[in-house]
Amino acid sequence: MGKPRKFGEKPREKRPPTGSRAGLEAAALRYLERFDCSTARLKKVLTERVSKAARAGVEEAAAAPAIIEQILERYQSSGLINDQRFAQNFAERQRDRGASRRMIEQKLRQRGISAELVQQVFPRGESMKSELEAAQAFARRRRLGPHRKPDVREAYRQKDLMALARAGFDYDTASRVIGNSSANDDEF
């Protein structure tokens, strides 16, 4: 959005949309300076920029899809964009925040990461941190189970289990994190 203007200050002029190679290169580099992203995300950003230029009547926009492919290919070969690195970093950040394996896999697929790459990030039988540690981090962040006040823990047990289930954790993991086994577990 940018800085707020002071009273009487003229608004900053926006850059005109462009579909040229130089304009797309500059836009891609500006985006990569700010964000670590997947190839699919950068392609989407550049394609949106080109479609904006086409709506503005820029003639260069017709040749832009081929230019975008060349830019992406060059950035991948140079290592500027690396879907493996992006997926690994994203998964580690999400795990630290308490996201389940299922949730991380879903978010990676939404960001254009292939299923094969997702499987490389999560090899079968091992993970970056255990699912239990991630569930504990989630419960701590959301103040569920043992992180609630002691006098209301039992009353909110089912709700806490459901919150962990919605976050993608299985019942065994959720019940271990919440603790204090109850007769109401059969309803879950």
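Structure: above.
Residues numbered from 1 in each chain as written. Predicted model: local features only at pLDDT ≥ 70, side-chain atom pairs only at ≥ 80, totals over all residues. Heavy atoms only, no water.

Chemist: Which parts of the structure should I look at to understand the packing of aromatic side chains?
Modeler: Remark: the centre distance and the inter-plane angle together describe each pair of aromatic rings, the angle taken between the planes. Using the criterion set out here, one finds three aromatic pairs in the structure. Seen from their ring centres, Y31 and F35 are 4.9 Å apart, and the 45° between their planes marks the pair as tilted. Since its relative accessible area comes to 35%, F35 is described here as partly exposed. The ring of Y156 carries the charged tip of R148 above its face, separated from the ring centre by 4.2 Å. (Phe/Tyr/Trp six-rings, centres within 6.5 Å; stacked < 30°, edge-to-face > 60°. Buried < 20%, exposed > 50% of the residue type's maximum accessible area, 1.4 Å probe, protein only. Lys NZ or Arg CZ within 6 Å of the ring centre and 35° of its normal.)

Chemist: What is the right way to read the nonpolar core from this model?
Modeler: What tends to happen in soluble globular proteins is that the nonpolar side chains get buried as a cluster. Counting 19 residues, the largest nonpolar core has L24, L42, L46 and Y75 as its most contacted members. Those elements that place two or more of their residues in this core are α1 (21-34), α2 (39-55) and α3 (64-78). Not counting residues within four places of it along the chain, the set of residues in contact with Y75 comprises E25, A28, L29, L32, L42, L80 and I81. One finds F138, A139, F169 and I178 within the second-largest nonpolar core, a separate group that totals 13 residues. (Core = buried A, V, L, I, M, F, W, Y, C linked by side-chain atoms within 4.5 Å. Helix = DSSP H or I, 4+ residues; strand = E, 2+ residues; numbered from the N terminus. Contact = heavy atoms within 4.5 Å.)

Chemist: Is there a simple way to explain the pattern of salt bridges in this structure?
Modeler: Where side chains of opposite charge bring their charged atoms close, a pairing between them can arise. Per the stated rule, a full pass over the model turns up seven salt bridges. Residues E105 and R101 are paired through a salt bridge, measuring 3.0 Å at the closest nitrogen-oxygen approach. Of the two residues, E105 and R101 are both situated in helix α5 (residues 101-110); the distance of four residues between them amounts to about one turn of the helix. In this structure R101 comes out as buried when scored by relative accessible area, which is 15%. With a closest N to O distance of 3.6 Å, R109 and E105 form a salt bridge. Of this pair, R109 and E105 both sit in helix α5, four residues apart, which is roughly one turn of that helix. Note on R109: relative accessible area 46%, which makes it partly exposed. A residue is classified by how much of its surface remains accessible, and E105, at 10% relative accessible area, is buried. (Salt bridge = Lys/Arg side-chain N within 4 Å of Asp/Glu carboxyl O.)

Chemist: Which parts of the structure should I look at to understand unusual backbone geometry?
Modeler: Phi is mostly negative for residues that are not glycine, and the peptide bonds are mostly trans. Despite not being glycine, R143 shows a phi value in the positive range, around 55°. Mapped onto the elements of the fold, R143 is located in the loop between α7 (131-142) and α8 (157-166).

Chemist: Sorry, what's going on with the packing of α1 against α2 here?
Modeler: Two quantities define a packed helix pair, namely the angle between the axes and the distance from one axis to the other. The contact between α1 and α2 brings their axes to 10 Å, and the two run at 135°. With respect to their mutual orientation, α1 and α2 come out oblique. You can see that α1 and α2 cross each other, and the crossing is right-handed. Between α1, through G23, L24, A27, A28, R30, Y31 and L32, and α2, the contact on the second element is made entirely by R41, L42, V45, L46, R49 and V50. Split into classes, the residues belonging to the contact of α1 with α2 amount to nine nonpolar, one polar and three charged. (Axes fitted to C-alpha atoms, helices over the stretch in contact; angles between N-to-C directions. Parallel < 35°, antiparallel > 145°, perpendicular 65-115°, else oblique. Left-handed = near helix turned anticlockwise from the far one by under 90°. Nonpolar A, V, L, I, M, F, W, Y, C, P; charged D, E, K, R; others polar.)

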